[in-house]
Amino acid sequence: MSDALYVRFQGTERHDRGHFPGVFVLANELAAQGKLTDEQYRFWRSNNDWYDANYPNPTHVDPQVYDPAVNPGAVAWFKNSAVDLVRRVDGYLELLAAHGVECHRLESSNPGRVVYEDEHQIVVMPVGEASTI
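Cut-off values and rules
Residues numbered from 1 in each chain as written. Predicted model: local features only at pLDDT ≥ 70, side-chain atom pairs only at ≥ 80, totals over all residues. Heavy atoms only, no water. Salt bridge = Lys/Arg side-chain N within 4 Å of Asp/Glu carboxyl O. Helix = DSSP H or I, 4+ residues; strand = E, 2+ residues; numbered from the N terminus. 1 Å grid on protein atoms, 1.4 Å probe; cavity = no way out; pocket = protein on both sides within 12 Å on 5 of 7 lines; lining within 4 Å. Points joined across faces, edges and corners; volume = space filled by probe spheres on them. Nonpolar A, V, L, I, M, F, W, Y, C, P; charged D, E, K, R; others polar. Contact = heavy atoms within 4.5 Å. Polar contact = N/O pair within 3.5 Å; in protein donor to acceptor, adjacent residues only side chain to side chain.

**Student:** What should I look at first to understand the pattern of salt bridges in this one?
**Tutor:** One pass over the structure, following the stated rule, counts four salt bridges. The residue Arg87 makes a salt bridge to Asp84 at a minimum N-O spacing of 2.7 Å. With Arg87 and Asp84 both in helix H4 (residues 83-87) and three residues apart, the pair spans about one turn of that helix.

Printed below as a string of structure tokens:
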């Protein structure tokens, strides 16, 4: 891994709000649309449950963190120190690839103005472009 402090996995197509959706949003959309196989659905459900049990959800701490009127374009980045959190993303990337959904890994030491932070992640208002890995 580079010297970057943060990593993000995001799609290549902008959403209606203008940002590039993250890996969890993309997987959640496939599940909501009923596009997952039974096996993929079990993976998605059990891993979402694992993340919910082990890491804070920024919207539970600050319900306005992703509010487009308050923080337009806000996106989450994992801290490089959150090794277990980042490691489990591989399964989501495989799930997305199986459905032809492109997702890129980005790394940055300064992804934007921090509007939320916990031990494992930050949510930022982007200020520049990060490097794609």
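**Student:** How should the layout of surface pockets be read in this particular structure?
**Tutor:** Remark: the empty space left among the atoms is shown by a probe the size of a water molecule rolled over them. The calculated volume of the largest pocket comes to roughly 740 Å³. Around the largest pocket sit 31 residues that line it, and Phe24, Val25, Asn57, Pro58 and Tyr66 are the ones nearest its centre. Of all elements in the fold, only strand S1 (6-11), helix H1 (23-32), helix H2 (38-54), helix H3 (58-61) and strand S2 (75-79) reach the threshold of two or more residues within the lining of the largest pocket. Across the lining of the largest pocket, the residue classes break down as 18 nonpolar, nine polar and four charged.

**Student:** Please clarify how the environment of Gln40 should be interpreted in this entry.
**Tutor:** Locating Gln40 in the fold gives a position in helix H2. Expressed as a C-alpha distance, the spacing of Gln40 and Gly100, which sit 60 residues apart in the sequence, is 14 Å. When sequence neighbours within four positions are dropped, the list of residues in contact with Gln40 reads Lys35, Leu95, Ala98 and His99. Polar contacts involving the side chain of Gln40 include one to the main-chain amide nitrogen of Thr37, which spans 2.9 Å.

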